[in-house]
There are 2 protein chains.
Amino acid sequence: MTKPPVIDPRRTLTLRDVSEASGVSEMTVSRVLRNRGDVSDSTRERVLEAARTLGYVPNKIAGALASQRVNLVGVIIPSLSNMVFPEVLTGISDMLEDTGLQPVVGVTNYSPEREEAVIYEMLSWRPSGMIVAGLEHTEASRAMLAQAGIPIVEIMDIDGEAVDSAVGISHRRAGRQMAEAIIAAGYRRIAFCGTMMPYDHRARKRLEGFEEALAKAGLTLADREFYSGGSALLKGREMTEAVLKRTPDVDFLYYSNDMIGAGGLLWCLEKGIDVPGKIGLAGFNGVELLDGLPRRLATMDACRLEIGRRAAEIIAGKHDGVIGGEVIELTPTLQPGDTIRR
Amino acid sequence: MTKPPVIDPRRTLTLRDVSEASGVSEMTVSRVLRNRGDVSDSTRERVLEAARTLGYVPNKIAGALASQRVNLVGVIIPSLSNMVFPEVLTGISDMLEDTGLQPVVGVTNYSPEREEAVIYEMLSWRPSGMIVAGLEHTEASRAMLAQAGIPIVEIMDIDGEAVDSAVGISHRRAGRQMAEAIIAAGYRRIAFCGTMMPYDHRARKRLEGFEEALAKAGLTLADREFYSGGSALLKGREMTEAVLKRTPDVDFLYYSNDMIGAGGLLWCLEKGIDVPGKIGLAGFNGVELLDGLPRRLATMDACRLEIGRRAAEIIAGKHDGVIGGEVIELTPTLQPGDTIRR
DNA sequence: ATGGGTTATGTTACCGCTAACAGCCATAGG
DNA sequence: CCTATGGCTGTTAGCGGTAACATAACCCAT
């Protein structure tokens, strides 16, 4: 004796429900809903009508399993509160807009272990491609990405070895370039303020490039100060005050990002310090926020939107023919603003 | 004659590969990898070893289809560049941390149509729950959410009708409360600066509540100014200047968010305007940025972290027993800062 | 030896959809 | 008239896992 068919009114609908409601096979319904193959107009109408009135939402899990196709692109970034990454995401979304591909974001909080877990989780959904911030990953992460058999694009940074493709700028060069501009402007007692996070490799590379250029000019950092956590704007103030108290003859402050730079700028202006006469300031990133500040902070644009676009392009382009292994270096432009002497 | 088994070294691995490599059935491998059921230590060892050396990553698509379980929670927000939403996300992630649930973010850019599309897309992956910002959705969106048979939590706002559960604050009440504080401080010529986005319902409700309270005191807005797009800090400056030029006797400016409020504050301080003596200022949100400003802007905390946490809690809690229909009202606290007379 | 209870592993039948192919009908051409 | 062609629809066999049940091996108490 078979169980009576219990019809649960709240169970989720399947193709079969739509097929029964419209009197055609499941396959035809599937074709209609995906706009595939030939279906007569009258049938299409009936199917769409049925799907609409039932409120049918296809099950992509089943679809993806059957078709071996997943329209997702994994995007792995260290943080959302940095403002840099949302902007990269915007670039990615823009470019993916009408490719049928969909970005899915994972956040690592600058932790390599967390990154490894997020990569594993993402790959287990078999995305069509992955975009990962940075070139530094655990051994296992690199192996997983390399094995995945999908296009991988590492973004933001190109100073290092890419698993597959890469789009970014050279942070080492960016640091160097800024140092050269500062030295050319006549500053000599130069200090650095930045993040202490051990895993912010890009900030580290900028500082390395910066010190490299200083060394070439026979200079060394006059002072340095690090922070972690808290309101970046406030930290910028505090660090600036600390450095100037400890090393009063400093004549330039290089910040590892614009937010703390802005804090420093506000503090200097409040104290009536002559910027850029007595002290020059520079940050990094070119954040929109700066437009509203009393004075334009010197900075370097990190090409965030462009990085997102190009990365997405690589993924979308590879959708069919797999090529792989491109490295695209973008060149940030130095925006001297009003905080470096001319 | 059968085809010779072509072993593609780059094809993605399946349970079968691990099972063959370790000499047990696929089922046992599955059990090991999910820590389910009884497996002897020696077998477990062998299986894990095999999986590790092969670099096997499970296929969650297949797993989800078979088990009818998906460990994803859809989170739908209007924007990532608002700083409010990343913070809500942080609250959600924190709370979901060790529930095995994973947030997946979708962005609507404040467009109801886009929201509808994103909801459809998300539901097609059959998530375990959905967290959606706001109470205003298209007819179709509401229907889809209601039909989905999963816990739905609408966040940020509670002034309206929820599909299922809701966690947020009353923006109408928040606006009213701020107006009352301003009036109590003796200000009378009060103007408003805010976003023009037609779909920022929460800003609208705050303004409605604000005007309501003004009316009760026999007052009306002395002026109003709207913006859209661009650097909020800069827009804050521009709007402030515009209002004060057009209506010089204004003695208070209420901003729809802290960023434009901060711009206004910086502008006033630069112009040497006495704040809060001649002009009072207030914003909304309690963003971290404010800590670094020369003066603390009056604002109201929107309970963003708490909202994220509570929403996640509802989703996670319902994982088993479905209850539904809770509405949690959080109460924002007014932070008078230094820009309202006392 | 028998039976009952563990513990550890294997077998079977799907989950909901789609690729690939098969079939059917009408029309057009020979 | 028959066959070729193309448009439309249906059938079959998985995709890669997991739930549920079946089985085997071993233990101990009877």
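Please refer to the structure placed before this passage.
In what follows, the accompanying structure is described. These numbers come from a predicted model, not from an experiment.

### Thoughts on the overall build of chain A
Counting its secondary structure elements, chain A contains 12 helices and 12 strands. By the compact-globule yardstick of 20 Å for 342 residues, chain A is too spread out, its C-alpha radius of gyration being 26 Å. Structurally, chain A occupies a C-alpha span of about 90 × 40 × 40 Å along its principal axes. For chain A, the accessible surface area stands at approximately 15,400 Å², while carbon and sulfur atoms represent 51% of it.

### Re the protein's contact with DNA strand D
Surveying the vicinity of DNA strand D reveals 26 residues, the closest of which are A:R31, A:T43, A:Q68, B:S30 and B:Y56. Considering DNA strand D, the proportion of its atoms within 4 Å of the protein that are sugar or phosphate atoms stands at 68%. In this structure, a base nitrogen belonging to DNA strand D sits 3.2 Å away from a main-chain N or O atom of B:A62. Going through the elements one at a time, α2 (26-34) and α4 (60-67) of chain A together with α2 (26-34) and α4 (60-67) of chain B are the ones with two or more residues in the surface near DNA strand D. Class assignment for the residues of the surface near DNA strand D results in 12 nonpolar, 10 polar and 4 charged.

### Focus on helix α8 (residues 171-184) of chain A
All names here are of chain A. In this model α8 runs 20 Å from its N-terminal to its C-terminal C-alpha over 14 residues, within 8% of the 20 Å that 1.5 Å per residue would give. Three or more residues of α8 are buried, namely H171, A174, G175, M178, A179, I182 and I183. An end-on view of α8 places all buried positions within 165° of arc, on one side of the element. Phi for G186, located one or two positions after α8, is positive at around 100°.

### As for the pattern of salt bridges
Per the counting criterion, the structure on display carries 44 salt bridges over all chains. Two residues, B:E121 and A:K60, come together in a salt bridge whose shortest N-O distance is 3.2 Å. One end of the pair, B:E121, is in helix α6 (residues 112-123); the other, A:K60, is in helix α4, on a second chain. What makes B:E121 buried here is its relative accessible area of 14%. Ionic pairing is found between B:E329 and B:R173, a salt bridge with its closest N-O pair at 3.1 Å. Here B:E329, found in strand β11 (residues 327-329), pairs with B:R173, found in helix α8 (residues 171-184); they are 156 residues apart in sequence, far enough to count as distant. A relative accessible area of 36% means that B:E329 is categorised as partly exposed. Overlapping salt bridges bring together A:R16, A:E20 and A:E26 as one network.

### Observations concerning helix α5 (residues 84-96) of chain B
Helix length check: α5(B) (13 residues) gives 19 Å between terminal C-alpha atoms against 18 Å at 1.5 Å per residue, within 8%. Listed in full, the buried residues belonging to α5(B) are B:V84, B:F85, B:P86, B:V88, B:L89, B:G91, B:I92 and B:L96.

### A closer look at the protein's contact with DNA strand C
Near DNA strand C lie 24 residues; those nearest to it are A:L15, A:S30, A:Y56, B:T43 and B:Q68. The contact atoms of DNA strand C, taken as those within 4 Å of the protein, divide so that sugar and phosphate hold 70%. A:N59 places a main-chain nitrogen or oxygen 3.4 Å from a phosphate oxygen of DNA strand C. A distance of 2.6 Å is found between a sugar or linking oxygen of DNA strand C and a side-chain nitrogen or oxygen belonging to B:Q68. If you list the elements that add at least two residues to the surface near DNA strand C, you get α2 and α4 of chain A together with α2 and α4 of chain B.

Rules used throughout
Residues numbered from 1 in each chain as written. Chains lettered and ligands numbered in written order. Predicted model: local features only at pLDDT ≥ 70, side-chain atom pairs only at ≥ 80, totals over all residues. Heavy atoms only, no water. Helix = DSSP H or I, 4+ residues; strand = E, 2+ residues; numbered from the N terminus. Rg over C-alpha atoms; globule rule 2.2 N^0.38 Å. Areas by Shrake-Rupley, 256 points an atom, 1.4 Å probe, with all protein chains shown as cover. Near = heavy atom within 4 Å. Polar contact = N/O pair within 3.5 Å; in protein donor to acceptor, adjacent residues only side chain to side chain. Nonpolar A, V, L, I, M, F, W, Y, C, P; charged D, E, K, R; others polar. Expected span 1.5 Å × (residues − 1). Buried < 20%, exposed > 50% of the residue type's maximum accessible area, 1.4 Å probe, protein only. Arc of directions from axis to C-beta. Salt bridge = Lys/Arg side-chain N within 4 Å of Asp/Glu carboxyl O.

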